[in-house]
Amino acid sequence: MSLLSEAWAWLAVEGRWSGPAGIPARTAQHLAVTGVAVLLGAVVAVPAGILVGHARRGAGWVAALMGGARAVPSLGLLTLFGLWLGIGVEAPLLTLAVLAVPSLLAGVYSGFLAIDEAIPQAARAVGLSPGQVVVLVELPLALPVIVGGLRAATLQVVATATLAAYTSDYGLGRYLFAGLKTRDYAQMLAGSLIVIALALALELLLAALQRAARRVADPAHTSDPSGRRPSRKDHP
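Values in this document were obtained by computation on a predicted structure and should not be read as measured data. (Residues numbered from 1 in each chain as written. Predicted model: local features only at pLDDT ≥ 70, side-chain atom pairs only at ≥ 80, totals over all residues. Heavy atoms only, no water.)

**Some words on the packing of aromatic side chains**
Alright, step 1. Within this structure, the stated rule accounts for three aromatic pairs.
Alright, step 2. For the ring pair Trp-10 and Tyr-175, a centre distance of 5.2 Å and an interplane angle of 75 degrees mean the geometry is edge-to-face. With Trp-10 in helix H1 (residues 3-12) and Tyr-175 in helix H8 (residues 173-182), the pair connects residues that are 165 residues apart, well separated along the chain.
Alright, step 3. Residue Trp-10 is classed as buried on the basis of its relative accessible area, which comes to 7%.
Alright, step 4. Tyr-175 gets classed as buried once you look at its relative accessible area, which sits at 7%.
Alright, step 5. Aromatic side chains Phe-81 and Trp-84 sit 6.2 Å apart centroid to centroid with 40 degrees between the ring planes, which places their arrangement in the tilted category. You can see Phe-81 and its partner Trp-84 sitting in helix H4 (residues 74-85), three residues apart, about one turn around the helix. (Phe/Tyr/Trp six-rings, centres within 6.5 Å; stacked < 30°, edge-to-face > 60°. Helix = DSSP H or I, 4+ residues; strand = E, 2+ residues; numbered from the N terminus. Buried < 20%, exposed > 50% of the residue type's maximum accessible area, 1.4 Å probe, protein only.)

In structure tokens, the structure reads:
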């Protein structure tokens, strides 16, 4: 029997799909770790990206931060946090949050920079305050790129969230670590297939969300597949 067939057989066992250690429970844990980590990353990245993008300054600082965060090996960072915080899910959450920051920050910052400078200037000219310009003008226009950064960050985190099982009995990574320890390679492959399926599902969901954000940012262009703006004669 091939390894792939063994993995499908492992997945087909009825007991795998129930209980606190079953696939649905592990998948829910994996999604929870991913969601919390991305949220923690957004707490840092979104305000920083808005501040720098709105001011249109600090490109060097943003590039240095993103490059530094991406250069840090996730397993090494998890080991450091694990030694500091001990066994539990806290160390993986912090590690994954650090992983999420660069993509989120790049999405927010790039989204603001992509806006024509004349648009926020015109908004200020009609009396909008800086806060109103950000919330009412710049954020809606930057939304597609921001969601693109969220999309990239989420996919990176959900794929790396298997490391949560390194310091805790949590998430889909447990199947990989348990399989590695016992040389149960069918279990490892089955766990990997579940993570891949979960990542693909999130990719489809976030891609749809990004398309919706484009419609919000520019309904005139997205209402017609050709990108042609509607004119008066298009209406009865």
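Let us keep going from here.
**Comments concerning the pattern of salt bridges**
Alright, step 1. Scanning all chains against the criterion turns up three salt bridges.
Alright, step 2. Linking Asp-169 and Arg-26 is a salt bridge whose minimum nitrogen-to-oxygen distance equals 2.9 Å. Remark: Arg-26 occurs in helix H2 (residues 23-55) and Asp-169 occurs in the loop between helix H7 (130-160) and H8; sequence separation between them is 143 residues.
Alright, step 3. Between Arg-151 and Glu-203 there is a salt bridge; the shortest N-O distance is 2.3 Å. A residue pair is termed long-range when its members are at least 10 positions apart, and Arg-151 in helix H7 and Glu-203 in helix H9 (residues 185-217) qualify at 52 residues.
Alright, step 4. Where salt bridges share partners, they join Arg-26, Asp-169 and Arg-174 into one cluster. (Salt bridge = Lys/Arg side-chain N within 4 Å of Asp/Glu carboxyl O.)

**A closer look at the nonpolar core**
Alright, step 1. In this structure, Val-62, Leu-96, Leu-104, Leu-105 and Val-157 are the most contacted members of the largest nonpolar core, which totals 19 residues.
Alright, step 2. At the level of secondary structure, the elements contributing two or more residues to this core comprise H2, helix H3 (59-71), helix H5 (90-113) and H7.
Alright, step 3. No other element matches the eight residues that H5 contributes to this core.
Alright, step 4. In this structure Val-157 touches Thr-34, Ala-37, Val-38, Leu-96, Leu-99 and Ala-100, once residues within four positions along its chain are discounted.
Alright, step 5. Judged by nonpolar contacts, the second largest core, of 13 residues, contains Ala-7, Trp-10, Leu-11 and Ile-194. (Core = buried A, V, L, I, M, F, W, Y, C linked by side-chain atoms within 4.5 Å. Contact = heavy atoms within 4.5 Å.)

**Notes on the packing of H2 against H9**
Alright, step 1. Packing of H2 against H9 brings their axes to within 12 Å, and their N-to-C directions diverge by 50 degrees. Relative to H9, the element H2 lies oblique. Regarding H2 and H9, the two cross each other, and that crossing is right-handed. Every residue of H9 that contacts H2 at Ile-23, Thr-27, His-30 and Leu-31 is listed here: Ile-194, Val-195, Leu-198 and Leu-202.
Alright, step 2. A per-class count over the contact of H2 with H9 returns six nonpolar, two polar and no charged. (Axes fitted to C-alpha atoms, helices over the stretch in contact; angles between N-to-C directions. Parallel < 35°, antiparallel > 145°, perpendicular 65-115°, else oblique. Left-handed = near helix turned anticlockwise from the far one by under 90°. Nonpolar A, V, L, I, M, F, W, Y, C, P; charged D, E, K, R; others polar.)

**Looking at the UniProt feature "transmembrane region" (unreviewed entry) in the protein**
Alright, step 1. The UniProt record annotates "transmembrane region" (unreviewed entry) at residues 31-52, 59-87, 93-115, 136-165 and 185-206.
Alright, step 2. Structurally, residues 31-52 comprises 100% helix and 0% strand, and the distance from its first C-alpha atom to its last is 30 Å. (UniProt positions renumbered as here; feature names shortened; annotations may be inferred.)

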